[in-house]
Amino acid sequence: MAKFDETPIIKDPAQEGLLLPPDMREHASVDVRCWPGKPKDHQAIGLPEARVPDWQDKAITKLGELLENNKALRVYMDICVRCGACTDKCQYYLGTGDPQNMPVARAELLRKVYRRYFTLGGRLFPNLTDAADLDEEMLEKWYTYFYQCSECRRCSVFCPYGIDTAEITMAAREVMCSIGVATKYVTEVVAKVYETGNNLGIPAPAWIDNCEFLEEDVEEEEGLAIRFPVDEKGAEILLVPPSADNFANVDTMIGYGKLFHLLGISWTTSTYCNEAGNFGLFLNYHNLQKVNARILEAARDLGVKTIIWGECGHAWRAGILTPTLNGPMDDFDPPYPYHISQFIVDMLRKGALAGKIDKCANDDLLVTYHDPCNPARAGQLLEEPREVIRASCNRFVEMPADTIREKTFCCGAGGGLLTDEVMPIRMAGGKPRAMAVKHVGANYLATPCAICKAQLPEVMHYWDVPVKVGGVIDLLANALKM
Amino acid sequence: MDTSTALWLLASYLIIGLSYFAALALVIGLIWRLWGYLRTPMPWPEVTTPAPETEGGSIARIIGDVVLFPNLFKADKLLWAGAWIFHIALWAILFRHLRYFTYPVPQTVLYMETVALFFGYLFGLAALYLFWRRLALPRTLYISGLPDFFALGLLAAIAGSGLLVSYWAHAYLVDVKAFMLGLLTLSPVPPPFHPLFLIHFLLVLVLMIYFPFSKLLHAGGIFFSPSRNQPYEIQKPGKRYVNQGNYPIQY
């Protein structure tokens, strides 16, 4: 059934839903590499079109700038003692056994270069201090292994100093961007945002069409006159969903619609910014900032009072940066930034949904919850989604404790890896999650993240776990008595 | 003056000079490195959640990290035990060493005498375990480099020579103390002529010089780790971090 070379994937069975650390297999996933970016996409998002001639000097200069401006990077370059606590924590190591996928080994790729150019010991005695030149070979390793990291931060939970490999990966990618080295998938997606307002490249007319189609669909099937407003000036709420919710995960989109309809709150989406997911986060600071700015621009243009971030993991990581990246949000109603799960929980606590939920509607489901990395480990959203699930269904089970909450595994495709040419690493990285789901035997895997919703069905199919993947709000919508 | 006396005099000057150099390297090195961490801004919220939402909470969290190593406990119980015992024993031994630097010696330091040997062995055992672990697990062997073995070896050698000098080939305590107090009061006297003590002492000087410029700086660096020391206060109105870029909002 596999459509790709399975060499980097370790197939040993899990025990009690947990994977044992595999034997090391050097270079197992060295050939799994994202396609390089195209010149036209690079140009559209402000990167050099191809690798610049004096790339080594440029890269070192850039790294120096980052060290001056990022405390985390500076501290994490120095204080790792290589204790090995993180070595068996990364899903890509568990799935491939490639030692370069151990978080510490990944970070060492950058540290070696840091020591060579920024420490006295490394300048004088590179061999004695584990320092290395930034040469062609090192750049290739960077490109391979910093794009086999999903920036999920699981390793940081186990590091005695909280060393966050995501921060190191982001710095390495930023350096690579500055010399014109990036992947096709991520650059393409960011270019699409500037062109159409969303990651999927859906033009405004198609977005409007689809919202009308959803209205007809819900009317036909459930006899409900629910609106999916687009670009409505003066609405109370601007909903910024991941664009996939309007095409692939329509149940989630219908969920938003039903919820706002029931609460009687006016809301809208925007065709200028109908994407919460921010791929700038996987690329460089400039694009992170520029993509995120569109949210505030759209909100101010429409004159809304509140912005609500939809069910998207990385979107929330970028979302919580909004005041920092794009200036004060004091002209909006607090709290901000505001996540849809927080909004629902606030509504539940206010009693706005009291008597309007019929949990039994979901009785055919045995639900389990997959914490997306960013809401759990960067966005403090551990309880809220669970509260929504408990409020909407009777049968909820948790996966083994080592695989949920802040110890959650990445779905395997975050951080800009949701692209077909790296399918082996995606399936290998998804294995720990698949095994945990299999262990609890759930038939509905709820998760508030568009990347997870795209990746997990493929993972579950590959690892032969029969489970439906869907949003958290889908469950709530199904239980709402309209 | 015969040759050996002259040589010893020369060596004494060198050792005294090196002592002051090592002290300066440690203090200035530490200030320079930690100041670097302190002045570098953190451009965005970096904290690993679930996290405390107040400054006080985050201070409590970082103190907890420093004292109990909770993350290591989550990661690997055996490693946690080895590392925690290693550090506790190190502190106990350092505390006991106050008897060489203070006059009169505080009573609490003298109480340590009864358990000093115990902590010495504990430290040695923990160091051996950590050394063994580095070599025995393929994963840790893969990531271990020369600096890792050097740091552990240096600490083990200091501990070994220290144990020997305290419990086997005693150095004359009065001479040792005269030497240490002389250094501290800036009126140095020649060190006691005791090869084992001198080895122990010189290794400590190497450690002091090496400390601020190596991974041993994790001792100070942990306080500056943004993923642990930031409170989660994203929704606090007006809360912003340092902005690195300059992309303007257009609407």
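Residues numbered from 1 in each chain as written. Chains lettered and ligands numbered in written order. Predicted model: local features only at pLDDT ≥ 70, side-chain atom pairs only at ≥ 80, totals over all residues.

Details of the confidence of the model for chain B
For the record, the criterion: Confidence of the predictor at the level of single residues is captured by pLDDT, which takes values from 0 to 100.
Overall, the prediction assigns chain B a mean pLDDT of 90, with 96% of residues at 70 or greater. Scored by ipTM, the complex comes to 0.91, with pTM at 0.93.

Brief notes about the pairing of strand β1 (residues 237-240) of chain A
Consecutive side chains along a regular strand alternate between the two faces of the sheet. Residue and element names in this part refer to chain A. Note the cut-off: Here the C-beta atoms are placed from the backbone, and a residue counts as buried if at least 20 other C-beta atoms lie within 10 Å of its own, exposed if 12 or fewer do, and partly exposed otherwise. Secondary structure counts use DSSP, requiring at least four H or I residues in a row for a helix and at least two E residues in a row for a strand, with both numbered from the N terminus. The rule for pairing is simple: two strands pair if DSSP sees at least two bridges between them. Viewed with both strands pointing away, a crossover whose connecting path from the first strand over the helix to the second turns clockwise is right-handed.
With burial as the criterion, each face of β1 is covered, one bearing Ile237 and Leu239 and the other bearing Leu238 and Val240. When β1 meets strand β2 (residues 267-268), the two strands line up parallel, connected through 2 bridges. Paired with Leu238 across the two strands is Thr268, which belongs to β2. Between the parallel pair β1 and β2, the chain is carried across by helix α12 (residues 250-263), and the sense of this crossover is right-handed. Pairing geometry for β1 and strand β3 (residues 306-309), over 4 bridges, is parallel. Pairing of Leu238 across the sheet is with Ile307, part of β3.

Here we look at the nonpolar core
Here is the rule we go by: By convention in this section, buried Ala, Val, Leu, Ile, Met, Phe, Trp, Tyr and Cys residues joined through C-beta atoms within 7 Å make up a nonpolar core. For the purpose of contact definition, each residue receives a C-beta atom placed from its backbone, and two residues are in contact when these atoms lie within 7 Å.
Membership of the largest hydrophobic core comes to 181 residues, with the highest contact counts inside it found for Tyr76(A), Val190(A), Leu238(A), Ile307(A), Trp309(A) and Val437(A). For this core, the element with the highest residue contribution is helix α13 (residues 285-302) of chain A, accounting for 9 residues. With residues near it in sequence (within four places) discarded, Trp309(A) still touches Val240(A), Ala276(A), Ala315(A), Trp316(A), Gly319(A), Pro337(A), Tyr338(A), His339(A) and Ile340(A). In this structure, Ala89(B), Leu155(B), Ile158(B) and Ala159(B) belong to the second largest nonpolar core, which totals 9 residues.

Focus: the domain arrangement of chain A
Residues and elements named next belong to chain A. Basically, it comes down to this: Here the bounds of each domain stem from an automatic or database domain assignment. Note that Gly is not counted as nonpolar here; it falls among the polar residues with everything else outside the nonpolar set of Ala, Val, Leu, Ile, Met, Phe, Trp, Tyr, Cys and Pro and the charged set of Asp, Glu, Lys and Arg.
Split by domain assignment, chain A resolves into domain 1 (39-182), domain 2 (194-350) and domain 3 (359-473). Taking the mean C-alpha position of each, domain 1 and domain 2 sit 33 Å from one another. Counting from both sides, the interface comprises 8 residues of domain 1 and, opposite them, 7 residues of domain 2. With 3 residues, the top contributor of residues to the side of domain 1 that touches domain 2 is helix α9 (residues 165-178). The residue makeup of the side of domain 1 that touches domain 2, split by class, is 4 nonpolar, 1 polar and 3 charged.

Topic: the packing of helix α8 (residues 146-167) of chain B against helix α10 (residues 195-210) of chain B
Residues and elements named next belong to chain B. Operational definition: As a rule, the C-alpha atoms of each element are fitted with a line to give its axis, helices using only the stretch in contact, and angles between N-to-C directions run from 0 to 180 degrees. An angle below 35 degrees is read as roughly parallel, one above 145 as roughly antiparallel, one from 65 to 115 as roughly perpendicular, and any other as oblique. Crossings are assigned a handedness: left-handed for a near helix turned anticlockwise from the far helix by less than a right angle, right-handed for a clockwise turn.
One way to put it is that α8 packs onto α10 with a least axis distance of 9 Å and a crossing angle of 150 degrees. When the axes of α8 and α10 are compared, the pair comes out roughly antiparallel. Crossing geometry of α8 relative to α10 is assigned as left-handed. Contact residues: α8 offers Leu154, Ala157, Ile158, Ser161, Gly162, Leu164 and Val165, while α10 offers Leu196, Phe197, Ile199, His200, Leu203, Val204, Val206 and Leu207. Grouping the constituent residues of the contact of α8 with α10 by class yields 12 nonpolar, 3 polar and no charged.

Focus on the sheet that holds strand β8 (residues 468-470) of chain A
Remark on secondary structure: sheet strands pair via backbone hydrogen bonds, oriented parallel or antiparallel. Residue and element names in this part refer to chain A. Taking strand neighbours across the sheet as the criterion, the 4 strands line up as β6-β5-β7-β8 in an open arrangement whose pairing is parallel. Each of the sheet's edge strands pairs with one partner strand only, and the pair in question is β6 (396-397) and β8. As paired elements, strand β7 (residues 444-446) and β8 share 3 bridges and run parallel to each other. Directly across from Ala446, in β8, lies its bridge partner Gly470. Across the sheet, helix α18 (residues 383-392) is in contact with β5 (367-369), β6 and β7; its angle to β5 comes to roughly 175 degrees.

A few points about the interface of chain A and chain B
Tallying the contact residues gives 67 residues for chain A and 58 residues for chain B. Top contributing element to the side of chain A that touches chain B by residue count: α13(A), with 9 residues. Broken down by class, the residue content of the side of chain A that touches chain B amounts to 33 nonpolar, 15 polar and 19 charged.

Digging into helix α16 (residues 340-350) of chain A
Turning to α16(A), its buried residues number three or more, namely Ile340(A), Ser341(A), Gln342(A), Phe343(A) and Ile344(A). In the core, the buried residues of α16(A) are packed alongside β3, β4 (338-339), α18 and α21 (472-479) of chain A.

Overview of the packing of α18(A) against α21(A)
Working note: a packed helix pair is described by the angle between its axes plus the distance between those axes. Residues and elements named next belong to chain A. Here α18 crosses α21 at 25 degrees, and the two axes come no closer than 9 Å. The angle between α18 and α21 falls in the class roughly parallel. The interaxial crossing formed by α18 with α21 has left-handed handedness. Of α21, the residues touching α18 (which contributes Pro385, Val388, Ile389 and Ser392) are Val472, Leu475, Leu476 and Ala479.

What about the pairing of β3(A)?
Pairing of β3(A) with β4(A), which is carried by 2 bridges, proceeds in the parallel orientation. Bridge pairing links Trp309(A) to His339(A) in β4(A).

Details of the environment of Ala299(A)
Residue and element names in this part refer to chain A. Take Ala299: it is sitting in helix α13. As a C-alpha pair, Ala299 and Gly234 span 65 residues in sequence and 9.8 Å in three-dimensional space. If sequence neighbours within four positions are ignored, Ala299 has contacts with Leu238, Val304 and Ile307.

Focus on the environment of Glu136(A)
Counting through the fold element by element, Glu136(A) comes out in helix α7 (residues 136-145). Sequence separation between Glu136(A) and Gln56(A) is 80 residues, and the spatial gap between their C-alpha atoms is 9.2 Å.

Comments concerning the sheet that holds β2(A)
Strand order in the open sheet formed by 4 strands is β2-β1-β3-β4 (chain A), and the pairing between neighbours is parallel. Every other strand in the sheet has two partners, leaving β2 and β4 of chain A as the edge strands with one partner each.

Comments concerning unusual backbone geometry
Cis geometry is found at the peptide bond from Thr49(B) to Pro50(B), where omega equals 0 degrees. By the secondary structure assignment, Pro50(B) is in the loop between α1 (3-39) and α2 (55-68). In this chain, Tyr103(B) is followed by Pro104(B) through a cis amide linkage whose omega measures -5 degrees. Following the sequence through the fold, Pro104(B) ends up in the loop between α4 (77-96) and α5 (107-111). At Arg82(A), a position not held by glycine, the phi torsion is positive, near 55 degrees. Structurally, the position occupied by Arg82(A) is in the loop between α3 (71-78) and α4 (91-96). The exposure class assigned to Arg82(A) is buried, which follows from the 23 C-beta atoms found within 10 Å. For Asp130(A), which is not a glycine, the phi torsion comes out positive at approximately 60 degrees. Position of Asp130(A) among the secondary structure elements: in the loop between α6 (120-124) and α7.

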